[in-house]
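Understanding the architecture of this molecule
The lines below spell out each chain.
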Amino acid sequence: MDQTSLNLVAIAVFAMTLSALLSPVLNISPFIPAATTFAILGLATVDSFSWEGKGLTLFLDLFTSSEERQRIIHHEAGHFLAAYCLGIPITGYTLTAWETFRQGEKAGIGGVQLDFSLLSDQEKISKNPLIVERTFTVLMAGIAAEKVIYNNVEGGEEDKQNLRELIKLLGLRADIYQQKENWALLQAKNLLVRHQTAYEGLVKLMEKRASVEECQKLIREKMN
């Protein structure tokens, strides 16, 4: 069961406990909160195994606040800007769970879709080892964006996990993970600060769901 499902289960258990305590006071039958909780647990289990958690993600996305959505946009704009500047092809982006679902991507609240096919070509990597370092920077750029804009980070666990998996895939030592994360985070932060005007314009365009081409055009114009 994924983290989203586990969170919902935890909420359901808490709600059942609270309802059991308050039902005598509110004169509510204890069977009502119990039945509701078991129904939620059953749906969470079915969704986890049958839909890979997409149903719960879509449901919980309905309750995402405007502040959280702004943070998501700033996070993804960080990935987008870094990918463009470092030459990693961008194939699309989504900013909500529904948009992600419609595009057939894996369950999630949104993300920038990138073409990492170059990483599977050892010959090209050997000729241009910077491809790997640039990819690390792009992966950490969402976290860097949150640090720059909000001075704290709420998202990015999936980005860190992707970095760990990439390090493993490339055959690099696992003990260098923290070093690579810190280095990539610093590089991404410097890039965002250096191109702050382009970044701010990109955030506004992504809010309007502008196309990838429109976003790239704006970055080019702001950087010239």
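Up top you'll find the structure we're talking about.
Just so you know, these numbers come straight off a predicted model, no measurement behind them.

Digging into a nonpolar patch on the surface
Residues V148, I149 and V193 make up a contiguous nonpolar surface patch of roughly 210 Å² in combined accessible area. You can see I149 is positioned in helix α7 (residues 130-150). You can call I149 partly exposed: its relative accessible area is 36%.

A few points about the packing of aromatic side chains
Under the criterion given, the structure shown has one aromatic pair. Taking 6.1 Å as the distance between ring centres and 80° as the angle between the ring planes, the aromatic pair formed by F80 and Y93 counts as edge-to-face. In this pair, F80 is assigned in helix α4 (residues 66-85) and Y93 in strand β1 (residues 90-94), connecting sequence segments 13 residues apart. In this structure, F80 and Y93 share a single accessibility class: buried. One cation-aromatic arrangement involves R71 over Y150; the distance from NZ or CZ to the ring centre is 4.1 Å.

As for the pattern of salt bridges
Applying the stated criterion across every chain, the model contains five salt bridges. Close ionic contact of E157 with K160 constitutes a salt bridge, the shortest N to O distance being 4.0 Å. One end of the pair, E157, and the other, K160, are both in helix α8 (residues 157-169), three residues apart, so they sit about a helical turn from each other. By relative accessible area, K160 is classed as partly exposed at 21%. We note a salt bridge from D175 to R173, for which the minimum N-O separation is 3.0 Å. Accessibility classification places D175 together with R173 in one group, the exposed group. Within this structure, R71, E146 and E154 form a network of salt bridges that share partners.

The rules behind each value
Numbers given for residues are sequential positions, taken from 1 along each chain in its written order. Restriction of local features to residues with pLDDT of at least 70 applies here, the model being predicted, together with a cutoff of 80 or more for giving and counting side-chain atom pairs; totals for whole chains, interfaces and linings are based on all residues. Hydrogens and water molecules were not included; the side-chain quantities draw on all heavy atoms of the structure. Patch rule: a residue counts if its relative accessible area is over 30% and it has no salt bridge; like charges are joined within 9 Å, and nonpolar side chains (Val, Leu, Ile, Met, Phe, Trp, Tyr) within 5 Å. Residue burial considers only the protein chains on display, and all accessible areas are found by Shrake-Rupley using a 1.4 Å probe. One side-chain nitrogen of Lys or Arg within 4 Å of one carboxyl oxygen of Asp or Glu is enough to make a salt bridge. Runs of H or I in DSSP of at least four residues are treated as helices and runs of E of at least two as strands, each being numbered from the N terminus. Exposed residues in this analysis have more than 50% of their type's maximum accessible area, buried residues have under 20%, and partly exposed residues fall in between, with area computed by a 1.4 Å probe over protein chains only. Only rings of Phe, Tyr and Trp enter the pairing, Trp through its six-membered ring, and a pair is recorded when the two centres are within 6.5 Å. The plane angle decides the type: under 30 degrees is stacked, over 60 is edge-to-face, the rest tilted. Only when the NZ of Lys or the CZ of Arg is both within 6 Å of the ring centre and within 35 degrees of the ring normal is a charge said to sit over the ring.

Scope: geometric values only; no functional claims are made or implied.
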